[in-house]
Structures are given as C-alpha cells and as structure tokens.
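Now for the letters of each chain:
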Amino acid sequence: MAALWAAKKALRLDLKRRVAALSDAEKRRQTAAVSRRLLAHPKYQNCQRIAVFLSMSDEIQTEDIIKDVFQCGKQCFIPRYKPRSNHMDMVKLSSAEEIHNLPLTSWNIHQPAEDVLLEEALTTGGLDLILMPGLGFDKHGNRLGRGKGYYDTYLERCLKHPKGKPYTIAVAFKEQICDLVPVTESDKPIDEVLYETS
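All of these numbers come straight from a predicted model, not from anything done at the bench.

Before going further, it helps to spend a moment on the packing of aromatic side chains. What describes a pair of aromatic rings is the distance from one ring centre to the other and the angle between the planes of the rings. Across all of its chains, the model carries one aromatic pair by this definition. Here the guanidinium or amino end of K43 rests over the ring plane of Y167, the centre of that ring lying 4.7 Å away. Taking NZ or CZ as reference, K74 lies 5.0 Å from the ring centre of Y44, over its face.

With that settled, the discussion passes to helix α2 (residues 24-39). With 16 residues, α2 extends 22 Å from end C-alpha to end C-alpha; this agrees with the ideal 22 Å at 1.5 Å per step. Where α2 is buried, its residues touch α1 (2-20), α3 (42-46), α4 (63-71), β4 (129-132), β7 (167-171) and β9 (192-194).

On to the sheet that holds strand β8 (residues 177-178). Within a beta sheet, neighbouring strands are joined by backbone hydrogen bonds and run either parallel or antiparallel to one another. One open sheet accounts for three strands, arranged β6-β5-β8; its pairing is mixed. Both edges of this open sheet fall to β6 (143-144) and β8, since each of them pairs with a single strand only.

Per the counting criterion, the structure on display carries 15 salt bridges. Where R29 meets E196, a salt bridge forms, and the shortest distance between an N and an O atom there is 2.6 Å. In this pair, R29 is assigned in helix α2 and E196 in the segment after β9, connecting sequence segments 167 residues apart. When its relative accessible area of 37% is taken as the criterion, R29 is described as partly exposed. Taking the relative accessible area as the measure of exposure, E196 reaches 16% and is therefore buried. We note a salt bridge from K67 to D64, for which the minimum N-O separation is 3.9 Å.

Counting residues in each nonpolar core, the largest one holds 51 residues, and the members touching the most others are M90, I130, Y151 and Y154. If one sorts the elements of this core by residue count, helix α5 (residues 150-159) sits on top with five residues. By size, the runner-up hydrophobic cluster in this structure holds six residues, among which are L11, L15, L135 and V181.

Right, let's talk about α4 for a bit. Of all the residues in α4, the buried ones are I65, I66, D68 and V69. Taken end-on, α4 shows its buried residues confined to a sector of 160°, consistent with a single buried face. Of the exposed residues in α4, those oriented more than 90 degrees away from the buried face are D64 and Q71. At its buried positions, α4 is contacted by α2, α3, β1 (49-51), β2 (75-81), β3 (88-93) and β4. Residue G73 follows α4 closely and has a positive phi angle near 75°.

Tallied over the full model, the rule gives zero disulfides. Of all cysteine sulfurs, the one in C72 lies closest to C47, which takes part in no disulfide; the gap is 8.7 Å. The exposure class assigned to C47 is buried, which follows from its relative accessible area of 2%. Between C76, a free cysteine, and C47, which holds the nearest cysteine sulfur, the sulfur-to-sulfur gap is 9.6 Å. Judged by relative accessible area, which is 0%, C76 ranks as buried.

A word on the pairing of β4. Burial along β4 is two-sided: the face carrying L129 and L131 and the face carrying I130 and M132 are both buried. Across two bridges, the pairing between β1 and β4 is parallel. Within β4, the position partnered with I50 by the bridge is L129. Where β4 lies against β7, four bridges are found, and the strand directions are parallel.

Rules used in this analysis
Residues numbered from 1 in each chain as written. Predicted model: local features only at pLDDT ≥ 70, side-chain atom pairs only at ≥ 80, totals over all residues. Heavy atoms only, no water. Phe/Tyr/Trp six-rings, centres within 6.5 Å; stacked < 30°, edge-to-face > 60°. Lys NZ or Arg CZ within 6 Å of the ring centre and 35° of its normal. Helix = DSSP H or I, 4+ residues; strand = E, 2+ residues; numbered from the N terminus. Expected span 1.5 Å × (residues − 1). Contact = heavy atoms within 4.5 Å. Pairing = 2+ DSSP bridges. Salt bridge = Lys/Arg side-chain N within 4 Å of Asp/Glu carboxyl O. Buried < 20%, exposed > 50% of the residue type's maximum accessible area, 1.4 Å probe, protein only. Core = buried A, V, L, I, M, F, W, Y, C linked by side-chain atoms within 4.5 Å. Arc of directions from axis to C-beta. Disulfide = S-S within 2.5 Å.

Following this line, the structure appears as structure tokens:
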C-alpha cells in the first residue's frame, strides 16, 4: 500500500508539472476543443440533471459548459466540499451568473456557503451525468484525484439513490492522459474521458 501511495504522489507531481508547462492560450484552445466534444455528446444532450465542477486554473475550464447547461434548460449542480472531511454535496445552481457571487474556498474556487440551504441532488431526483475533475486519467477509466476522496465517496452515495449511478465523464487536457493510473479498491473508475485527440 505504501508503494501505491508513493506512486500516486510521484504521478501527481509529474502531472502538475506537465499542466503547469501549458500556456494560457493552449489551455484555452484545448478547453474549447474538449467543450465542443462534450456538448455534442449524446449523454450530455440527453441528460436533464448534471453536476459540473467549478474549475481551478490547472483544469479544463467549465464556465462555458455551465452557461450551455442553462441555455439548454437543464438543471445544474455544483460541488460544496465540507472542510476537513471527504464529504461533498452537489447543490443546485440557479444561474451561471450566480457563480461569481459565491464565496471563495482556500483552493480559490467558488462554492456556496455551508449555511445556505440549497437543493442537494441526491435528496431529490438524483443525477444523470457528473463531469469529473482530476489530475490524471488513463484510457481504462482510472482517475487520479487530488487525494481527498470527495468524488469517490460521492459516487458511493449515488449508488444508494433509486436512480443509481450517474454516467461519469472526465474532461481533460491531453497532457493529463497517462498509460496507467495506480488505483486502490476505493478508487471509482469513470465511464469516459474526453480530451483532444490529434
């Protein structure tokens, strides 16, 4: 197990370096290409309830995806992470513009305040689709997160919902694609990874 954690740590550092080497223009270019692929995807087009992460600077930017979610009349849910735990809820966003009024976390991403009462996806109709963030992915659907386990824990909770597990799609820079991501039994594979292919 110690060897596995060490392998994950080393891969996280390598992936952070790879993405840090990308220019802002290249990140924007790949974001646009991946966003186009997602918006044309049948799972996206047919979903009604979608969870979308609010991106950090080293991730595919999701702001335009969120705008499209609202333009299409879909329901959008975003993460609310509980500090010092691996608990996360997906809470309903009322508009794309609302994001900029949300408080910033220590990770410098917007999220709804803990004391604000919002609809949680799993207490109502569940989710059809979750867009998955991560540092790295392989072509077998294995995902390397940031080590907190928020999404793996949330997917466990989804399995208990009457609707069952939502379809999961990761959106990534091509530099985030690895030959093999080391995983444990608690790491949940994702259904699909979208990235720019040459």
